[in-house]
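Letter by letter, the chains look like this.
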Amino acid sequence: MELFRIRRDIPFMKHAIVLNAVSAITFIAAVFFLVTRGLALSVEFTGGTVMEVAYEQPADLEAVRKVVESLGYAEVPVQNFGTAKDVLLRLPAQAGKSSGQQAETMMSALKAQNPAVQLRRTEFVGPQVGQELVQDGLKALGLVIVGIMIYLAIRFEWKYAVSAIIANLHDVVIILGFFAFFQWEFSLAVLAAVLAVLGYSVNESVVIFDRIRETFRRQRKKTTVQIIDHAITSTISRTIITHGSTQIMVLSMLLFGGPTLHYFAMALTIGILFGIYSSVFVAAAIAMWLGIKREDLIKGGGAKAAEVDPADPNSGAVV
């Protein structure tokens, strides 16, 4: 399905050097903020107190947040847990206060706001657990990257695998750079969004690479740059439909999902936007600079390599 058909190929690769220079500057800035500011890790990673409280009526989350903020906790996740009457709080550790003291102080403040509130459970997340989550998260990220490289190397060729991984890491580092610069809370939900962006971004790269391979087979006299421009141009309509629909859904979570889904949706929004950009101007450009050619994708030559496209008078020509 195509919303529109572009008759003339857009010269994307003509601007590859300039756009990749901008991309490199953005990437370096993201790394700089990650090193200098670091991530504002959530309770799951740093340790703290998790509380579950219950109300007789559906809880007013905004009122609960005001109580939490009045005790000096900034941007603490306050969300429904199970039902609208149950509320889950994640309190970061405070110097000089034990987990029990934090829970007691919080319950006193909540009871002053609503005497009907009841404490269902309280748990302490130790630093050791947080460290294990960090290690497991990094392992998951590494396994995803290795899996993508193996898949692309088998599906296409190693040059495509290298270019796609560089583009994917570009997306991930920029997401982390945004979270480091603005000091947004980095939680398990955000980590899940980062892993989702990896798979989402590589999907767009695979679509473009597959069209490059198909165009190499059909149009024998075009140069590599012309092949790449044609492949990207011919997938624009699909890109607009797919990414536009996904972005609308993610934006709805960002705008109307409340604080619980805010940073999760923010990470996905950044990842989707940069994922489209990196698939076109980073992955395709790097593959071009690595020297991809027809022989990399069409093994064996002969009649199979010279498939004829009835719509293209140049296809099947002997080069």
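Bear in mind that the values here come from a model prediction, so they are computed numbers and not experimental data.

Asker: Any chance you could explain the overall build of the protein here in plain terms?
Answerer: For the protein, the helix and strand inventory stands at 12 helices and 6 strands. Within the protein, contacts between residues separated by at least 24 positions form 78% of all contacts whose residues are at least 6 apart in sequence.

Asker: Honestly, helix 9 (residues 236-256) in this entry has me stumped. Any pointers?
Answerer: For the α-helix, the turn length of 3.6 residues means that residues three or four positions removed from each other point alike. The end-to-end C-alpha distance of helix 9 is 29 Å, a good match for the 30 Å that 21 residues give at a rise of 1.5 Å each. Along helix 9, the positions that sit buried rather than exposed are Ile236, Ser237, Thr239, His243, Thr246, Gln247, Val250, Met253 and Leu254. Packing partners of the buried residues in helix 9 comprise helix 7 (188-218), helix 8 (224-234) and helix 10 (258-289). The first or second residue beyond helix 9 is glycine 258, which carries a positive phi of 80°.

Asker: I keep staring at the sheet that holds strand 4 (residues 83-92) and nothing clicks. Help me out?
Answerer: Backbone-to-backbone hydrogen bonds join strands into a sheet, with any given pair of strands oriented parallel or antiparallel. Taken in spatial order, the 4 strands make up an open sheet running 3-4-2-5, and their pairing is antiparallel. Both edges of this open sheet fall to strand 3 (78-81) and strand 5 (118-125), since each of them pairs with a single strand only. Between one strand axis and the next, the sheet turns through 25° on average, direction left out of account. Where strand 3 lies against strand 4, 4 bridges are found, and the strand directions are antiparallel. When the sheet's bridge partners are listed, glutamine 79 is paired in strand 4 with leucine 88. Most of the contacts of helix 4 (residues 99-113) go to strand 2 (residues 48-54), to which it runs at about 35°, and overall it touches strand 2, strand 4 and strand 5.

Asker: I tried to follow the side chain of threonine 215 on my own but got confused; where do I start?
Answerer: Along the chain, the position of threonine 215 falls in helix 7. Beyond its immediate stretch of four places on either side in the chain, threonine 215 contacts Ile227, His230 and Ala231.

Asker: Before we go on, may I ask you to explain the confidence of the model for the protein in this structure?
Answerer: On average, residues of the protein carry a pLDDT of 82, and 90% of them reach 70 or more. Taken element by element, the protein is modelled with least confidence in helix 12 (residues 302-305), mean pLDDT 41, and with most confidence in helix 1 (residues 16-36), mean pLDDT 92. A low-confidence stretch, residues 300-319 stays under pLDDT 50, and its non-local contacts, those more than four residues away or across chains, total 23 contacts.

Asker: What exactly am I supposed to notice about the packing of aromatic side chains here?
Answerer: Working definition: an aromatic ring pair is given by the centre-to-centre distance plus the angle between the planes. The full count for this structure, using the stated rule, is 13 aromatic pairs. Seen in terms of ring centroids, tyrosine 160 and phenylalanine 209 are 4.7 Å apart; in terms of plane orientation they differ by 75°. Their pairing is edge-to-face. In this pair, tyrosine 160 is assigned in helix 6 (residues 158-182) and phenylalanine 209 in helix 7, connecting sequence segments 49 residues apart. Judged by its relative accessible area of 0%, tyrosine 160 is buried. Classification of phenylalanine 209 as buried rests on a relative accessible area of 0%.

Asker: Honestly, the pairing of strand 2 in this entry has me stumped. Any pointers?
Answerer: Every other side chain in a regular strand lies on the same face of the sheet, so the side chains alternate between the two faces. The element strand 2 is largely enclosed, with a buried count of 7 among its 7 residues. Inspection of the sheet shows strand 2 paired to strand 4 by 7 bridges, in the antiparallel sense. Among the inter-strand pairings, valine 50 is bridged to a residue of strand 4, identified as arginine 90. As judged from the 7 bridges shared by strand 2 and strand 5, these two strands associate in the antiparallel manner. The residue of strand 5 that forms the bridge with valine 50 is glutamate 123.

Asker: Explain the pattern of salt bridges to me, please; I cannot follow it from the model alone.
Answerer: Side chains carrying opposite charge are able to pair once their charged atoms draw close together. Inspection of the entire model under this criterion finds 9 salt bridges. When the shortest N-O distance is used, the salt bridge between lysine 222 and aspartate 9 registers 3.5 Å. Of this pair, lysine 222 sits in the loop between helix 7 and helix 8 while aspartate 9 sits in the segment before helix 1; the two residues are 213 residues apart in sequence, bridging distant segments of the chain. Owing to a relative accessible area of 28%, lysine 222 belongs among the partly exposed residues under this scheme. Here glutamate 204 ties to arginine 238 by a salt bridge, and the two come within 2.4 Å at their closest N and O atoms.

Asker: Help me understand the packing of helix 7 against helix 8, please; the structure alone is not making it clear to me.
Answerer: To characterise two packed helices, one gives the angle between the axes of the helices and the distance between these axes. Relative to each other, helix 7 and helix 8 sit at 125°, their axes nearing to 8 Å. When the axes of helix 7 and helix 8 are compared, the pair comes out oblique. For the crossing formed where helix 7 meets helix 8, the hand is right-handed. Of the residues in helix 8, those touching helix 7 at Ile208, Arg211, Ile212, Thr215 and Phe216 are Thr224, Ile227, Ile228, His230, Ala231, Ile232 and Ser234. When its residues are assigned to classes, the contact of helix 7 with helix 8 shows 7 nonpolar, 4 polar and 1 charged.

Calculation criteria
One numbering rule holds for all chains: residues counted from 1, following each sequence as written. For this predicted model, a pLDDT threshold of at least 70 governs which residues receive local features, and a threshold of 80 or more governs which side-chain atom pairs are given and counted, while totals over whole chains, interfaces and linings are taken from all residues. Values reported for side chains reflect all heavy atoms of the structure, with hydrogen atoms and water molecules removed beforehand. Put simply, DSSP H or I for four residues or longer makes a helix, DSSP E for two residues or longer makes a strand, and each gets a number counted from the N terminus. For this analysis, residues touch if any pair of their heavy atoms sits within 4.5 Å. In this analysis, the expected span of each helix is defined as 1.5 Å times one less than the number of residues it contains. For every residue, the accessible area obtained with a 1.4 Å probe (protein chains only) is divided by the maximum for its type, and the residue is called buried under 20%, exposed over 50%, and partly exposed between those limits. Strand pairing requires that DSSP identify at least two bridges connecting the strands. Convention adopted: a line fitted to C-alpha atoms gives each axis, helices being fitted over their contacting stretch, and angles between N-to-C directions are expressed from 0 to 180 degrees. The quantity called pLDDT is the predictor's confidence in a given residue, expressed from 0 to 100. Between the rings of Phe, Tyr and Trp (Trp by its six-membered ring), a pair exists once the centres lie within 6.5 Å; its type follows the angle of the planes, with under 30 degrees stacked, over 60 edge-to-face, and the other angles tilted. Between Lys or Arg on one side and Asp or Glu on the other, a salt bridge is scored when a side-chain nitrogen of the former is within 4 Å of a carboxyl oxygen of the latter. What sets the label is the angle itself: under 35 degrees gives roughly parallel, over 145 gives roughly antiparallel, 65 to 115 gives roughly perpendicular, and the rest give oblique. A clockwise turn of the near helix away from the far one marks a right-handed crossing, whereas an anticlockwise turn of less than a right angle marks a left-handed crossing. Under this grouping Gly is polar, as are all residues other than the nonpolar Ala, Val, Leu, Ile, Met, Phe, Trp, Tyr, Cys and Pro and the charged Asp, Glu, Lys and Arg.

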